[in-house]
Amino acid sequence: MKKGFTLVLTFLLVVTIAAMVAGCGSDTKQAQQYMKKGDDQLQNVESGASAWSAQVNSINADPAKIAGEVQQARAMGDDLLKTSQAAKREFEKIRGLNGVADYKKYADLRIAELDMIDQIVQKMYEFLDKRVAMVSSGDLSKYPALQQKAQDEIDTISEKGQKIEQEAGQLKSDKK
């Protein structure tokens, strides 16, 4: 009887260990899939950010056109934010997995990078709204100061984002 009980206990222990090992492997594969999807979305964010930046930079100070151009830039910025959220969702899925610490660190870095992009978009929205108000009022005397302040804030956020991007790239490269 003791021998049968020991055999059953040993069998359960082996099955449990096998399930744990198999579970870890599947989490790694799942993390790789989420990471790939997140990285693909991140590339879409980066190309969208480049196009959005070009559109923002093309906005002129013609009082008859500026409101419409800013509205178009906001629509494109909103699309960029949606793409960013989609990328974040993929990276956030990694956080719920087990046994994938390096993937989680990578995901956290990419989410932080995407947060920086979101902050840049929001800062630009604030700047554009103030720019439209100035152009509409006809008083552009404070425009250089407004532009410099916005540029300084965006540069600070951008520098942080670039550091995070480099760290994530290095982690991915190191861990293959």
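Going by the structure above, here's the rest.
A brief look at the structure comes next. (Residues numbered from 1 in each chain as written. Predicted model: local features only at pLDDT ≥ 70, side-chain atom pairs only at ≥ 80, totals over all residues. Heavy atoms only, no water.)

## Let's talk about helix 3 (residues 101-137)
Note: α-helices contain 3.6 residues per turn, so residues at a spacing of three or four share the same orientation. Spelled out, the test is: Only DSSP runs of H or I with at least four residues qualify as helices, and only runs of E with at least two residues qualify as strands; both kinds are numbered from the N terminus onward. Given the number of residues in a helix, its expected span is that number minus one, multiplied by 1.5 Å.
End to end, helix 3 covers 54 Å across 37 residues, agreeing with the expected 54 Å (1.5 Å per residue, within 8%). Downstream of helix 3 by one or two residues, Gly138 has phi in the positive range, about 85°.

## Considerations on the nonpolar core
Within soluble globular proteins, side chains that are nonpolar generally end up buried alongside one another. Applicable threshold: To qualify as a nonpolar core, a set must consist of buried Ala, Val, Leu, Ile, Met, Phe, Trp, Tyr and Cys residues joined through side-chain atoms within 4.5 Å. Between buried and exposed lies partly exposed: a residue is buried under 20% and exposed over 50% of the maximum accessible area for its type, with that area taken using a 1.4 Å probe on protein chains only. By the convention used here, residues are in contact when the closest approach between their heavy atoms is within 4.5 Å.
The biggest cluster of nonpolar side chains holds 43 residues, and the ones touching the most others in it are Trp52, Phe91, Ile94, Leu114, Met124, Phe127 and Leu128. Listed by contribution, the elements that provide at least two residues to this core are helix 1 (2-57), helix 2 (66-95), helix 3 and helix 4 (143-175). When residues of this core are assigned to their parent elements, the largest contribution, 17 residues, is made by helix 3. Beyond its immediate chain neighbours, meaning those up to four positions away, Phe91 contacts Met35, Gly38, Asp39, Tyr106, Ala107, Arg110, Ile111 and Leu114.

## Quick word on the side chain of Asp118
We apply this condition: Polar contact is the term for a pair of N or O atoms within 3.5 Å; when the atoms are in protein, one must be able to donate a hydrogen and the other to accept it, and sequence-neighboring residues count only if both atoms are side-chain atoms.
Tracing the sequence through the fold places Asp118 in helix 3. On the basis of relative accessible area, Asp118 is assigned to the buried category, the value being 10%. Engagement of the side chain of Asp118 in a polar contact is seen with the side chain of Ser84, the distance being 2.9 Å. Here Asp118 is in contact with Leu81, Ser84, Gln85 and Lys88, once residues within four sequence places are set aside.

## Section: the pattern of salt bridges
To keep it simple, the criterion reads: Salt bridges are defined by distance alone: a side-chain nitrogen of Lys or Arg within 4 Å of a carboxyl oxygen of Asp or Glu.
Enumeration according to the criterion identifies ten salt bridges in this entry. Among the salt bridges present, the one from Arg110 reaches Glu113, with a minimum N-O distance of 2.6 Å. Taken together, the positions of Arg110 and Glu113, both in helix 3 and three residues apart, correspond to about one turn of that helix. Residues Arg110 and Glu113 agree in their burial class; the two are buried. Taking the shortest distance from any N to any O, the salt bridge between Glu153 and Lys123 comes out at 3.7 Å. Of this pair, Glu153 sits in helix 4 while Lys123 sits in helix 3, and the two are 30 residues apart along the sequence. Shared partners join several salt bridges into a network, and the residues in it are Lys88, Asp115 and Asp118.

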